[in-house]
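Observations on chain architecture
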Amino acid sequence: MDQDALKRSVADAALALVEPHLESDMVLGIGTGSTANLFIEGLAKLAHRFDGAVASSEGSAERLRAIGVPVYDLNAVDRIEYYVDGADECNADLQLIKGGGAALTREKIVAAVANTFICIADESKWVPTLGAFPLPVEVIPMARSHVARELVKLGGDPILREGVTTDNGNVILDVYNFSIPQPLAMEEKINAITGVVCNGLFAHRPADRLLLGGVDGVKEFRRPASSLDS
């Protein structure tokens, strides 16, 4: 089974997980990236079952509107029950690296608001220690060089992602050669650097459910009870 098929399998599994809980006044959180796009495609047949969505990027918002799903500003929403998004890496604690699509800050905001964060990924994203995938850090442009020097002090090799401006008007530094055995502490250290908007470690807000697609099917991993347990 190729990677695209694995991504579709986890997107379908997420749809099957969420569908029984959909309500007419429910707002979903929708992420960004190739796997999230497949989830959006699947939502087309369920668009009449829920109120609308909050998207973590302008690209996802456009895809949602194209299938008839109203897209709301997060400030206008009281509650997000489920947030569905992919990951660039995940570990056994359901901690993640995200931001390959440069939407990490908005993804982290929507995840923080959501009651249940469902991560969908193929088995290539599963790692014993985070950091093989370059860690994205969103940075205010005038602070780029300062932040890069501070990231070097933490042991990484930051490289500007050329030609990329985030939806928030900022730049991305991708930190290479950066093993992260203690994601909670590292997330805090990077966020404490002046000029950093957000970094792609989702350690303080990990996934509640991880659907991992492999050749033997979709495996589900979970943190303690969420609304999907009821």
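To be clear, the structure that these remarks concern was listed above.
Attention in this report is confined to the structure presented alongside it.

Spatial ordering of the open sheet is given by β2-β1-β3-β6-β12-β13, a layout of 6 strands whose pairing is mixed. Unpaired on one side and paired on the other, β2 (52-55) and β13 (217-222) mark the two borders of the sheet. Taken pair by pair, the neighbouring strands of this sheet meet at an average axis angle of 20 degrees, ignoring direction. As judged from the 5 bridges shared by strand β3 (residues 80-85) and strand β6 (residues 114-122), these two strands associate in the parallel manner. For Val 84, the partnering residue across the bridge sits in β6 and is Ile 118.

One pass over the full model with this rule turns up 14 salt bridges. As a salt-bridge pair, Glu 19 and Arg 49 come within 3.4 Å of each other at their nearest N and O atoms. Linking Glu 19 in the loop between α1 (3-18) and β1 (27-30) with Arg 49 in the loop between α2 (34-43) and β2, this pair joins segments that are 30 residues apart in sequence. Glu 220 is the partner of Arg 209 in a salt bridge, and the nearest nitrogen-oxygen pair spans 2.5 Å. Linking Arg 209 in strand β12 (residues 209-214) with Glu 220 in strand β13, this pair joins segments that are 11 residues apart in sequence. Connected through shared salt-bridge partners, Asp 85, Lys 98 and Glu 107 make up one network.

Counting 27 residues, the largest nonpolar core has Leu 28, Ile 30, Phe 39, Leu 43, Phe 50, Leu 64 and Ile 120 as the members making the most contacts within it. Put simply, the parts of the chain that give this core at least two residues each are α1, β1, α2, β2, α3 (58-66), β3 and β6. Take this core: its biggest share by element is 6 residues, from α1. Not counting chain neighbours up to four residues away, the residues in contact with Phe 39 comprise Ala 11, Ala 14, Leu 15, Ile 30, Val 84 and Ile 120. Counting 20 residues, the second largest nonpolar core, distinct from the first, contains Leu 130, Val 139, Met 186 and Leu 201.

Turning our attention to the sheet that holds strand β4 (residues 89-90). Reading across the sheet, the 3 strands line up as β4-β5-β11 and stay open at both edges, with antiparallel pairing between neighbours. Two strands bound the open sheet, and with one partner strand each, they are β4 and β11 (201-202). Relative to strand β5 (residues 96-97), β4 runs antiparallel, the two being bridged by 2 bridges. Across the sheet, Glu 89 pairs through a bridge with Ile 97, a residue of β5.

Cut-offs and rules
- Residue positions within a chain follow its written sequence, with the count starting from 1.
- Per-residue local features are limited, in this predicted model, to residues with pLDDT of at least 70; the limit for side-chain atom pairs, both in listing and counting, is 80 or more; totals at the level of whole chains, interfaces and linings are taken over all residues.
- Side-chain metrics in this entry use all non-hydrogen atoms of the structure; hydrogen atoms and water are not considered.
- When DSSP finds two or more bridges between two strands, those strands count as paired.
- Segments assigned H or I by DSSP are reported as helices when at least four residues long, segments assigned E as strands when at least two residues long, and all are numbered from the N terminus.
- Under this scheme, a helix contributes an axis fitted over its contacting stretch, all axes are lines through C-alpha atoms, and angles between N-to-C directions fall in the 0 to 180 degree range.
- Every case where a carboxyl oxygen of Asp or Glu lies within 4 Å of a side-chain nitrogen of Lys or Arg is listed as a salt bridge.
- The definition of a nonpolar core used throughout is a set of buried Ala, Val, Leu, Ile, Met, Phe, Trp, Tyr and Cys residues joined through side-chain atoms within 4.5 Å.
- We call a residue buried when its accessible area falls under 20% of the maximum for its residue type, exposed when it is over 50%, and partly exposed in between, using a 1.4 Å probe and counting protein chains only.
- Working rule for contacts: check all heavy atoms of both residues, and any pair within 4.5 Å makes them a contact.

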